[in-house]
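Structure assessment
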Amino acid sequence: MHRRAFVRLLAAAASAKAAAGIDVAAKGPSRAPLAGRPQIRTGLPPLKVVSRYSPAAAAGMPGPYPGQVVAVKADKSVDISTGAANDTVVREMISQGMRALTGAGATADAWRRLFTPSDVVGIKVNCGGYPHCVSAYEIVAETVRQLMGIGVPVTQIYLYERFQNQLDEVNYGPHLPEGVQIVAAERANRYTDNSGYDPETYLEANLFGEEDTRSNMMRLVSKRLTKIINIPNMKDHGATGVTGCLKNIAYGSFSNVARTHQRGKSHTYSVVGTLASIEPLRSRTVLQIMDGLRGVWHGGPFARTTKYVFYPRQIMFGTDPVAIDRLLLDIIENKRREQGVLSIWDRSPSSLKMDDTRARDADPNVNIIIREPGHVEYASSLGLGMYDRARIKVQDVTV
Amino acid sequence: MTPAVLVLLASAPCVYWTQGIESRGALEAAAIKRLCVPPDQVDTWRRAGFTVTPITEAELAAREALPTPGVTARAGLASPTRSPWIVADGWRFMRTPAAKYVYTAPAGKGALAAAEAFAYGADAVLKIDPADLGSVGTMMTFLDGLPAADLPPVADLAIVDDGSPLTGEVMNLLARRNLLFQVVQAPLPRFRVNIVMGTAAYPREEAGDPSAFAQKIRSQLTDEQRTLRVYGSEVVICRLTGDRQRMRLHLLNYGGRDIEGLRIRVRGTYRSGEALVPGAGRLPLEDQVVADGATEFSLPRIATYAVIDLR
């Protein structure tokens, strides 16, 4: 069998923009402004994309609503004394959020703008913050209910993550109608299961001299799904600054991604956006629902204790992952400022305790890797969405 | 790629057994029929129907003792999951193919040791933990049943052996990264890369960090031009033999965990192939693609060892 491969060298395309950029982050102060500053860099590692999939006529990212975000807030969405979410309030938040995003008069019509009954829909959840900050059962369940409500058969709805043990821990099953497929690519993060990945759709890059230079897309994404809904959380991340829409969909749909950040250095700056841009993932990811009922302001992407958990009590809706993540940068940075700790933009060596996760978990002024919040802006340079805060239209809704 | 001149005939290692004839049942249950035994036990085992080779304590002691193959954690250098430190002996066999070796394999390592010695055609005696009889027996049966393929090893570069420990460590790191090399006594013009330690191109002090040194060699070869690439694991070491018409690839999994969907890229056009897997027999290769002058395929599953035949 011969493959029909479309090979693109994204790094080459990005380098033209990068040449005009300035390396502010590397030279800047440890407390950079909230907005950050342009930091498309030169000297990025070459990233080779191999995919035989062509872009859809209208790519899912940034989709029909570039630069638009609906932020629905509800004080009663979470009881912050217990951390429990209010299912009724969450349903109303989703209903109003989807209508505000699409301009539809009825909730079902809002969903019909993006999905049809023939779609096979994947819901990319985030289980990494178990037990205190994962894609909320209430949001996931309501998403499934709405899809079924517009005629998507339950057997055509998939919940997915990379690791089965994480899905097992979170255990969405009892919260969902029977028939929803819950699928992982690997049993656990042990780097031994490759069968769940598409051998012909991958990013190739030699980042740290690793022998395995490929990160392959999940077969589920490339072979089965026609649409994807991304449900990330509002979380800090030790290697990327924040983990939002881009990180969740990119690192949650490809193999062998932990290799991008180690020994204090992170190549997530360019890899996150590049992975998200690979077809067919880019075209099929048509809706972003950022779960901000709970958040993590330090120690992310994990949330093993409540020490760094906070409650934004909001859900953001959009089709533009960059715009939402741009807002997330401020949310996490603001929270960290409120706590009087290190900025996510900090790059000072004095804050770095390389690979010392215990020190990081104990002290929010410790970085284990130089974070790369600039990955959000880099993704915008690939056409995935709007980064300029002044041009992002945020529609606030209160429930 | 360059086929090396020396052809090593693969043969399964010999299990060294000192237990008495009362252990015959356990050996037969494991289908182990060939043994190395102390001279005074030879007749007893032969009468019981075993193929035996006498070996004295002195002969055993004279053999080069091999480290136990596998992965291990090294503080500050590697972790078993992310950047594993592999203990592998293939480079020793390539460096000194005429030497005689002995493994003392703890429980769980006997089958890997047997496969490793076989893959490189080493003359090895295998002391095993009795708990491994079953797995070693399965491996021996598999090795004995493999169709013969006396093909020359394939190499992308040559390394001139000056006999030094430093050069040995460089060979070790090259092998662990599946950088296919041939050990030579003098540079060979047919190789683009000839490593001669102590020269301006390859100063000894540079090899003080063998890992970085291996990366340098990798850069010189370029990944695109390498005859062999492995994706989906960093704990599988390969030995490649063959020519333009036929290839045999030995895959050794040092990680101790089954690996699914290992992806292999071999330069050259090979339209058909199959995997030979202990305990599973012949398996078709999955997702085989021939493009850009290379053949790619996936192996459904590898436990300890697998052989791929390509034509």
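Residues numbered from 1 in each chain as written. Chains lettered and ligands numbered in written order. Predicted model: local features only at pLDDT ≥ 70, side-chain atom pairs only at ≥ 80, totals over all residues.

A word on the overall build of chain B. Secondary structure assignment for chain B yields 8 helices and 22 strands. In terms of overall dimensions, chain B is globule-like: its C-alpha atoms have a radius of gyration of 20 Å, near the 19 Å expected for 311 residues. Scored against the burial criterion, the 311 residues of chain B give a buried share of 43%. For chain B, the share of sequence-separated contacts (at least 6 apart) that also reach a separation of at least 24 residues comes to 68%. (Helix = DSSP H or I, 4+ residues; strand = E, 2+ residues; numbered from the N terminus. Rg over C-alpha atoms; globule rule 2.2 N^0.38 Å. Buried ≥ 20, exposed ≤ 12 C-beta atoms within 10 Å, placed from the backbone. Contact = placed C-beta atoms within 7 Å.)

Here we come to the environment of L44 of chain A. Tracing the backbone shows L44 of chain A in the loop between α2 (24-27) and β2 (48-51). Along the backbone, L44 of chain A and S270 of chain A are 226 residues apart, and their C-alpha atoms lie at a distance of 7.3 Å.

In terms of nonpolar packing, the biggest core is built from 100 residues, with V140, A276, I315, M316 and L328 of chain A touching the most fellow members. Ranked by the residues each element gives to this core, the list is headed by helix α11 (residues 321-338) of chain A, at 8 residues. Apart from residues lying up to four places away in sequence, I315 of chain A is in contact with V72, M93, I94, G97, I139, I289, M290, D291, G292 and L293 of chain A. Counting residues in hydrophobic clusters, the runner-up holds 90 residues, among them A158, L180, L249 and Y254 of chain B. (Core = buried A, V, L, I, M, F, W, Y, C linked by C-beta atoms within 7 Å.)

The next subject is the confidence of the model for chain A. Overall, the predicted model of chain A reaches an average pLDDT of 91, with 90% of residues at or above 70. Taken as a whole, residues 1-36 of chain A scores under 50 in pLDDT and shows 66 contacts with residues more than four places along the chain or in a different chain. (pLDDT = per-residue confidence, 0-100.)

So, on to the pairing of strand β3 (residues 68-73) of chain A. All names here are of chain A. The element β3 is extensively covered by neighbouring structure, given that 5 of its 6 residues are classed as buried. Two elements, β3 and strand β19 (residues 393-398), share 6 bridges in a ladder whose sense is parallel. Residue K73 lies in a different strand from β19, and its bridge partner there is T398. With 4 bridges connecting them, β3 and strand β18 (residues 314-318) associate as antiparallel partners. Residue V70 lies in a different strand from β18, and its bridge partner there is F317. (Pairing = 2+ DSSP bridges.)

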